[in-house]
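# Fold and contact review
Residue strings, one per chain:
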Amino acid sequence: FRPREWQAQLIPAIRVLALGEDDTPPASVQDLYPTQAPLLESRAWTLLAEAIDRRDGEYPGSLEDNKRQLAAGGLEERQSLGLRLRVSERELLEIARTHCVEQAALAKEAA
């Protein structure tokens, strides 16, 4: 999982969403590609972490519950495949969320 693969396209859009009432929007979206002011960066990364939390919350149970259910076995092949896919996505969401929280904290420290 390489954060840089998705960051270049997603983060400028998240920065737009994180602009507050007192922020001046840039002349073009290209102006949002470089790292922005620390407070905007922190808000953008926090916003992305919250979106990831909402996505993860759409799944039933916790990741640990899903892993226990998978380990317990006794599922039909189709159910087992679906549960493995859910666990995999939730693990990726967890990694991405951790990255977002770390980036938000770094930006906040720079403020």
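Within every chain, residues take consecutive numbers counted from 1 along the sequence as written. Since the coordinates come from a predicted model, pLDDT governs what is reported: local features require at least 70, and pairs of side-chain atoms require 80 or more to be given and counted, while whole-chain, interface and lining totals use all residues. Side-chain descriptors were evaluated using all non-hydrogen atoms of the structure, hydrogens and water having been removed beforehand.

A separate point is the side chain of Arg90. With respect to the element layout, Arg90 can be found in helix α4 (residues 77-110). Within the structure, the side chain of Arg90 is placed 2.7 Å from the side chain of Asp56, a separation counted as a polar contact. Looking at Arg90, its side chain comes within polar contact range of the main-chain oxygen of Ser62, at 3.4 Å. Contacts between residues were defined by any pair of non-hydrogen atoms, one from each residue, lying within 4.5 Å. With residues up to four places along the chain from it excluded, the contact list for Arg90 reads Asp56, Tyr59, Pro60, Gly61, Ser62, Leu63 and Asn66. Only DSSP runs of H or I with at least four residues qualify as helices, and only runs of E with at least two residues qualify as strands; both kinds are numbered from the N terminus onward. Residues adjacent in sequence count toward polar contacts only when both atoms are side-chain atoms; beyond that, a polar contact is any pair of N or O atoms within 3.5 Å, and within protein one must be able to donate a hydrogen and the other to accept it.

Here the focus is the nonpolar core. Grouped together as the largest cluster of nonpolar side chains are 15 residues, with contacts concentrated most on Trp6, Ile11, Trp45, Leu48, Ile52 and Cys100. Looking at this core, the elements with two or more residues in it are α1 (3-18), α2 (38-57) and α4. Top element by residues in this core is α2. It accounts for 6 residues. Among the buried residues, those of types Ala, Val, Leu, Ile, Met, Phe, Trp, Tyr and Cys that are joined through side-chain atoms within 4.5 Å form a nonpolar core. Exposure categories follow from relative accessible area, calculated using a 1.4 Å probe and restricted to protein chains: below 20% of the type maximum is buried, above 50% is exposed, and the middle band is partly exposed.

Further remarks concern the packing of α2 against α4. As a packed pair, α2 and α4 sit with axes 8 Å apart at the nearest point and diverge in direction by 160°. Classed by the angle they form, the pair α2 and α4 counts as roughly antiparallel. You can see that α2 and α4 cross each other, and the crossing is left-handed. In terms of residue class, the contact of α2 with α4 is made up of 12 nonpolar, 4 polar and 8 charged. For every element, the axis is a line fit to its C-alpha atoms; helices are fit only across the contacting stretch, and the angle between N-to-C directions ranges from 0 to 180 degrees. We call two directions roughly parallel when the angle between them is under 35 degrees, roughly antiparallel when it is over 145, roughly perpendicular when it lies between 65 and 115, and oblique otherwise. A clockwise turn of the near helix away from the far one marks a right-handed crossing, whereas an anticlockwise turn of less than a right angle marks a left-handed crossing. Three residue categories are used. Nonpolar comprises Ala, Val, Leu, Ile, Met, Phe, Trp, Tyr, Cys and Pro, charged comprises Asp, Glu, Lys and Arg, and polar comprises the others, including Gly.

Before going further, it helps to examine the packing of helix α3 (residues 63-72) against α4. Close contact between α3 and α4 brings their axes to 10 Å; oriented N to C, the two are set at 150°. Taken as axis vectors, α3 and α4 run roughly antiparallel relative to one another. Classified by chirality, the crossing of α4 by α3 is left-handed. Contacts from Leu63, Asn66, Lys67, Gln69 and Leu70 in α3 reach Ser80, Leu83, Arg84, Arg86, Val87, Arg90, Glu91 and Glu94 in α4. Of the residues that constitute the contact of α3 with α4, the class distribution is 4 nonpolar, 3 polar and 6 charged.

Salt bridges are defined by distance alone: a side-chain nitrogen of Lys or Arg within 4 Å of a carboxyl oxygen of Asp or Glu. One pass over the full model with this rule turns up 8 salt bridges. The partner of Arg15 in a salt bridge is Glu41, with the nearest N and O atoms 2.5 Å apart. Residue Arg15 is found in helix α1, and its partner Glu41 is found in helix α2; the two are separated by 26 residues along the sequence. The class for Arg15 is buried, based on a relative accessible area of 5%. Glu58 serves as the salt-bridge partner of Arg55, at 2.7 Å between the closest nitrogen and oxygen. A residue is classified by how much of its surface remains accessible, and Glu58, at 57% relative accessible area, is exposed. Here the salt bridges do not stand alone but share partners, grouping Arg55, Glu58 and Glu89 into one network.

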